[in-house]
Amino acid sequence: MAKPERLQKLLSRSGLLSRRRAELAISQGRVAVNGRVVREMGATADPDKDVLTLDGKTVKFDEPFRTILLH
């Protein structure tokens, strides 16, 4: 289970926007969490529970990176 993360970080991790562009999209009201438009910079969302949309399209998150060390 993932911890809630800032929206800018989630959008950046999805590969759709850089963090700076994500901040701009949030301030313009283009981002919604569970159907509610978010315009606050400190807003967070849980990628496992919440539905994040950008311009009305659902944002998909890939599996988290896994690092395997071999010796």
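Sequence positions are assigned chain by chain, starting from 1 and proceeding in written order. It should be noted that, the model being predicted, local features are given only for residues of pLDDT at least 70 and side-chain atom pairs only at 80 or more, the latter also being counted only at that level, while totals for whole chains, interfaces and linings use all residues. By convention in this description, side-chain values take in all heavy atoms of the structure and omit both hydrogens and water.

A.B. asks: A description of the packing of helix H1 (residues 7-14) against helix H2 (residues 19-27) should follow, citing residues and the corresponding values.
C.D. replies: Axis lines are fitted to C-alpha atoms, over the contacting stretch for helices. Their N-to-C directions set the angle, which ranges from 0 to 180 degrees. Labels follow the DSSP assignment, with helices taken as runs of H or I lasting at least four residues and strands as runs of E lasting at least two, numbered in each case from the N terminus. Where H1 contacts H2, the two axes come as close as 8 Å, and the packing angle between them is 125 degrees. Considering their axes alone, H1 and H2 lie oblique with respect to each other. Where H1 crosses over H2, the two elements pack in a sense that is right-handed. The segment H1 lies against H2, with Leu7, Gln8, Lys9, Leu11 and Ser12 engaging Arg19, Ala22, Glu23 and Ile26. The nonpolar class holds Ala, Val, Leu, Ile, Met, Phe, Trp, Tyr, Cys and Pro. Asp, Glu, Lys and Arg form the charged class, and all remaining residues, Gly among them, are polar. Broken down by class, the residue content of the contact of H1 with H2 amounts to 4 nonpolar, 2 polar and 3 charged. Throughout, the term roughly parallel applies to angles under 35 degrees, roughly antiparallel to angles over 145, roughly perpendicular to angles from 65 to 115, and oblique to all others. Handedness of each helix crossing follows the sense of rotation of the near helix against the far helix: counterclockwise by less than a right angle gives left-handed, clockwise gives right-handed. Residues are treated as being in contact if the distance between any of their heavy atoms lies within 4.5 Å.

A.B. asks: Explain the side chain of glutamate 5 to me, and be specific about the residues and the numbers.
C.D. replies: Structurally, glutamate 5 is set in strand E1 (residues 5-6). Any N or O atom pair separated by 3.5 Å or less is treated as a polar contact, with the protein-specific requirement of one donor-capable and one acceptor-capable atom, and with residues adjacent in sequence counted only for side-chain atom pairs. A distance of 2.9 Å separates polar atoms of two side chains, one belonging to glutamate 5 and the other to arginine 13.

A.B. asks: If you had to explain unusual backbone geometry to someone new, which residues and values would you point to?
C.D. replies: The phi angle at asparagine 34 is positive, at roughly 55 degrees, despite the residue not being glycine. By secondary structure assignment, the location of asparagine 34 is in the loop between strand E2 (31-33) and strand E3 (36-37). Despite not being glycine, aspartate 55 has its phi angle at roughly 55 degrees, a positive value. Mapped onto the fold, aspartate 55 is located in the loop between strand E5 (52-54) and strand E6 (57-58).

A.B. asks: Please provide a residue-by-residue account of the sheet that holds E2, values included.
C.D. replies: Spatially, the 4 strands line up as an open sheet ordered E3-E2-E5-E6, and their pairing is antiparallel. Looking at strand neighbours, the two that pair on one side only are E3 and E6, the edges of this open sheet. Pairing between two strands requires that DSSP report at least two bridges joining them. Sheet analysis places E2 next to E5, joined by 3 bridges and oriented antiparallel. Residue pairing in the sheet places alanine 32 in a bridge with threonine 53 of E5.

A.B. asks: Tell me about the nonpolar core, residues and numbers included.
C.D. replies: For the purposes of this section, nonpolar cores are sets of buried Ala, Val, Leu, Ile, Met, Phe, Trp, Tyr and Cys residues that join through side-chain atoms within 4.5 Å. Partly exposed describes any residue whose relative accessible area lies between the buried limit of under 20% and the exposed limit of over 50%, with all areas from a 1.4 Å probe on protein chains only and scaled to the type maximum. Of all hydrophobic cores here, the largest spans 15 residues; its most connected members are Leu7, Leu11, Leu17, Val31, Val33, Leu52 and Leu54. Elements supplying a minimum of two residues to this core: H1, H2, E2 and E5. Residues within four places of leucine 54 in sequence aside, it is in contact with Leu16, Leu17, Ala25, Arg30, Val31 and Val59.

A.B. asks: Describe the side chain of aspartate 46, and please don't skip the residues or the numbers.
C.D. replies: Examined against the element boundaries, aspartate 46 turns out to sit in the loop between strand E4 (44-45) and E5. Positive: Lys, Arg. Negative: Asp, Glu. His and the chain ends are not part of the count. In the sections that follow, a salt bridge refers to a side-chain nitrogen of Lys or Arg positioned within 4 Å of a carboxyl oxygen of Asp or Glu. No salt bridge is formed by the buried aspartate 46; its nearest oppositely charged neighbour, lysine 49, is found at 4.2 Å. In terms of polar contacts, aspartate 46 uses its side chain to reach the backbone amide nitrogen of aspartate 48, at 3.0 Å.

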